[in-house]
Amino acid sequence: EPPDIWASRLPARDLDRAVRFYRDTLGLPFLFKAPPQLAFFDCDGVRLLLDVPEDKEFDHPGSILYFAVDDIRQMHQALVSRGIEFRKEPHLIARLPDREVWMAFFDDTEGNTLALMSERQT
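An account of the accompanying structure is given in this report. Per-chain numbering applies: the sequence of each chain, read as written, is numbered from 1 onward. Residues qualify for local features only when their pLDDT is at least 70, as the model is predicted, and side-chain atom pairs are given and counted only at 80 or more; totals for whole chains, interfaces and linings, by contrast, use all residues. Values reported for side chains reflect all heavy atoms of the structure, with hydrogen atoms and water molecules removed beforehand.

**What to know about the layout of surface pockets**
The gaps of empty space that remain are located by a probe, the size of a water molecule, rolled over the atoms. As a reminder of what qualifies: Put simply, the grid is 1 Å and covers the protein atoms alone, a cavity is a trapped set of points that fit a 1.4 Å probe, a pocket is an open set with protein on both sides within 12 Å along at least five of seven lines, and lining residues have an atom within 4 Å of a point. Grid points are joined across faces, edges and corners, and a volume is the space filled by probe spheres set on the points. Runs of E in the DSSP output that reach at least two residues are strands. Runs of H or I that reach at least four are helices, and both are numbered from the N terminus.
Empty space within the largest pocket amounts to approximately 430 Å³. Around the largest pocket sit 19 residues that line it, and L28, C43, Y66, F67 and A68 are the ones nearest its centre. Here the lining of the largest pocket takes four residues from strand β5 (residues 65-68), the largest share from any one element.

**What about the nonpolar core?**
The test is simple: Here, nonpolar core refers to any group of buried Ala, Val, Leu, Ile, Met, Phe, Trp, Tyr and Cys residues whose side-chain atoms link them within 4.5 Å. The buried label applies to any residue whose accessible area, calculated with a 1.4 Å probe on protein chains only, is under 20% of its type's maximum; exposed applies above 50%, and partly exposed to all values in between. We call two residues in contact when some of their heavy atoms are within 4.5 Å.
In terms of nonpolar packing, the biggest core is built from 26 residues, with Y22, L26, L50, F106 and L114 touching the most fellow members. Among the elements of the structure, α1 (15-25), β3 (38-43), β4 (46-51), β5, α2 (72-81), β7 (99-107) and β8 (113-121) are those that each provide at least two residues to this core. Ranked by residue count, the leading element in this core is α1, at five residues. In this structure, L50 is in contact with L10, L15, A18, V19, Y22, Q37, L38, A39 and F41, ignoring residues within four places of it in sequence. By size, the runner-up hydrophobic cluster in this structure holds five residues, among which are V101, F105, A115 and M117.

**Considering the pairing of strand β6 (residues 91-95)**
Quick note on the threshold: The pairing criterion for strands is at least two bridges between them, as found by DSSP.
Where β6 and β7 come together, four bridges link them in antiparallel fashion. Considered in β7, the bridge of A94 is made with V101.

As structure tokens, this is what we get:
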């Protein structure tokens, strides 16, 4: 049996700014801060770790985080009203036999790419 994912990490340049974005703008539940410059959020049971890298080896944008939502258009509008600028409107990525996959990409305040993803049954 594969291990459970405990945390996913994204780098930050300004931890306080990143905390405000993920907590206040995206609305993720904030868990706690820890030294030296770490902040943890709950992403539906997986911890999201934001940290300001001390080592240049880790100072680069992270992998894209895809947030699964039921209604991508509604969530897109809600986030736009909170000041998030999307690269494009929600758009169809794939049409499968039983569903459609929709995505909308945006950036956080730290240079990381994020996306909304929704699967609509057909």
